[in-house]
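Topology and contacts: notes
What follows is the residue order along each chain.
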Amino acid sequence: MIWARAEGCRVALQDGREVLDLTGGFGVAALGHRNERILEAWRGQEVVHALGDLADAEVTVRFREELPWPAKLGVTGEDAVEIAIRTAHLANGRLGIVAFDGAYHGTGLLALAATGFDRFRVPWEPWLPGPVHRRAYGADPGPLPDDTTCVVVEPVQGRGGSRVPPADFLPALRRRCDDAGALLVVDAIYAGLGRTGLMWPGAEVADVLCVGKALGGGLPLSAALFVKDGLAELWQLGPEDVYTHTHVGNPLACAAALVVLEEAPRLLERVVAAGARFERAGWHGRGLLRARPGDADEALARGVIVVPAGLDGALVQATPPLTISDAELDEALDRLG
């Protein structure tokens, strides 16, 4: 499948077919493909690349100021998770990670260690950090092991199949972390920025909240948000940043992020309403992070792009742009049957 053009919720394929996109590019195009405000923001930038952590562009500074908490920026969602776990280690010096079945946190070695998908993790297990104590998603894990530096959890599991935990799950994790002196890292990379009807899901319990995907409006950008006071200062380890990338704080990505931070809150009620339409059609999940049993290839043959999900790949997942209209949604659901 080769995309020739994408706009809004529709994709023109190289073979001439036009299909409806219920993926939003893995949730990245939250405001729709080729969003005009984002394109305008890109065109307006006088600086398109600065010096990473050594020199911010003005738009990068403005973006940092618009975030609700101090942040350390990354390029990929995996970066945000890596930063969060390393922050926990700086805070308490421990190495153990409590993570959950069905979790997906990225494919870098530290984030991969916490990931629950064997097919991604097992080939590299001899190199993986740890120990990792894996628990059942949605259940109180009980007292945390003595070596726990942090608990890493998705407020709604993304790649694991749009799994929604019980309402008391995250508060239980907060209490367990408090008892153990561990940090609670909430990975809202998929679920955040309006995807599940909330801008910052899990922030009420998190020490560090990870966001990404939709944040850069189509360009790679992520952030580990330090909800707990004092965590940002732990990274003052010398004259240079010890975790950074060439493209950290990319001005084009930050310009788009300012649009996302302004527009996404206006769409939250719309996300809840559109999510209810999915619910009535038999899709489980929350907001516009939805899944049901199915086959992605069959869906494509019917003119709809979805992606496989779940530990065994038996589900298809829908994460459409938050701007999807009722007519587009009904057309997609009708095609899928």
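Worth saying up front: this structure is predicted, and the values here are computed from it rather than measured.

The rules behind each value
Residues numbered from 1 in each chain as written. Predicted model: local features only at pLDDT ≥ 70, side-chain atom pairs only at ≥ 80, totals over all residues. Heavy atoms only, no water. Helix = DSSP H or I, 4+ residues; strand = E, 2+ residues; numbered from the N terminus. Rg over C-alpha atoms; globule rule 2.2 N^0.38 Å. Buried < 20%, exposed > 50% of the residue type's maximum accessible area, 1.4 Å probe, protein only. Contact = heavy atoms within 4.5 Å. Areas by Shrake-Rupley, 256 points an atom, 1.4 Å probe, with all protein chains shown as cover. Salt bridge = Lys/Arg side-chain N within 4 Å of Asp/Glu carboxyl O. 1 Å grid on protein atoms, 1.4 Å probe; cavity = no way out; pocket = protein on both sides within 12 Å on 5 of 7 lines; lining within 4 Å. Points joined across faces, edges and corners; volume = space filled by probe spheres on them. Nonpolar A, V, L, I, M, F, W, Y, C, P; charged D, E, K, R; others polar. Core = buried A, V, L, I, M, F, W, Y, C linked by side-chain atoms within 4.5 Å. Pairing = 2+ DSSP bridges.

Digging into the overall build of the chain
A tally of regular secondary structure across the chain gives eleven helices and 15 strands. In terms of C-alpha radius of gyration, the chain reaches 20 Å, essentially the compact-globule figure of 20 Å for 337 residues. Its C-alpha atoms give the chain principal-axis dimensions of about 55 × 50 × 40 Å. In the chain, which comprises 337 residues, the proportion classed as buried is 54%. Taking contacts inside the chain between residues at least 6 apart in sequence as the whole, the part at least 24 apart equals 69%. A total accessible area of about 14400 Å² is found for the chain, and carbon and sulfur atoms account for 53% of it.

Topic: the pattern of salt bridges
Tallying each qualifying case throughout the model produces 24 salt bridges. Among the salt bridges present, the one from aspartate 15 reaches arginine 17, with a minimum N-O distance of 3.0 Å. With its nearest N and O atoms 3.7 Å apart, the salt bridge here joins aspartate 326 to arginine 277. Of this pair, aspartate 326 sits in helix α11 (residues 326-336) while arginine 277 sits in helix α9 (residues 268-280); the two residues are 49 residues apart in sequence, bridging distant segments of the chain. Classification of aspartate 326 by relative accessible area gives partly exposed; the value is 31%.

Let's talk about empty space enclosed by the protein
Tallying each qualifying case throughout the model produces three cavities of 30 Å³ or more. In this structure, the largest cavity encloses a volume near 60 Å³. Lining the largest cavity we find Phe26, Gly27, Ala30, Ile189, Tyr190, Gly192, Leu193, Arg195, Gly212, Lys213, Ala214 and Leu322. Partitioned by chemical class, the residues of the lining of the largest cavity number seven nonpolar, three polar and two charged. Counted as a void, the second largest cavity has a volume near 40 Å³.

A word on the layout of surface pockets
Its boundaries defined by the atoms lining it, the largest pocket holds a volume of some 550 Å³. Lining the largest pocket are 26 residues, and of these Gly77, Glu78, Tyr104, Ile189 and Lys213 sit closest to its centre. Those elements that provide at least two residues to the lining of the largest pocket are α4 (77-92) and β14 (307-309). Counting residues per element, the lining of the largest pocket draws most heavily on β14, which supplies three residues. The residue makeup of the lining of the largest pocket, split by class, is 14 nonpolar, seven polar and five charged. In this structure, the second largest pocket encloses a volume near 330 Å³. The wall of the second largest pocket is formed by 18 residues, among which Asp53, Arg64, Lys72, Trp235 and Asp241 lie closest to the centre. Broken down by element, the residue count for the lining of the second largest pocket peaks at three residues, all from strand β4 (residues 71-74).

A few points about unusual backbone geometry
Following glycine 130, the chain continues into proline 131 via a peptide bond in cis, with omega recorded as 5°. By the element assignment, proline 131 lies in the loop between α6 (118-121) and β6 (132-135). Backbone geometry at phenylalanine 26 places phi at a positive 60°, although glycine is not the residue there. Looking at the element boundaries, phenylalanine 26 is found in helix α1 (residues 24-27). By relative accessible area, which is 42% here, phenylalanine 26 ends up partly exposed. Here the phi dihedral of arginine 34 falls at roughly 55°; this positive angle occurs in a residue that is not glycine.

Points about the nonpolar core
One finds Leu22, Phe63, Val153 and Leu215 to be the most contacted residues of the largest nonpolar core, which totals 69 residues. The leading source of residues in this core is helix α8 (residues 251-263), at nine residues. Contacts of leucine 215, omitting those with residues within four sequence positions, involve Phe63, Leu193, Leu221, Ser222, Ala223, Ala256, Ala257, Val260 and Leu261. Core analysis: the second largest hydrophobic core is formed by 23 residues, Ala80, Ile83, Ala88 and Ile189 among them.

Focus on the pairing of strand β9 (residues 208-211)
Alternating positions in β9 separate into two faces, Val208 and Cys210 on one and Leu209 and Val211 on the other, with burial throughout. When strand β8 (residues 183-187) meets β9, the two strands line up parallel, connected through three bridges. Pairing of valine 185 across the sheet is with valine 208, part of β9. In this sheet, strand β10 (residues 222-226) lies alongside β9 in antiparallel orientation, the contact comprising four bridges. The residue bridging valine 211 from the neighbouring strand is alanine 223, located in β10.

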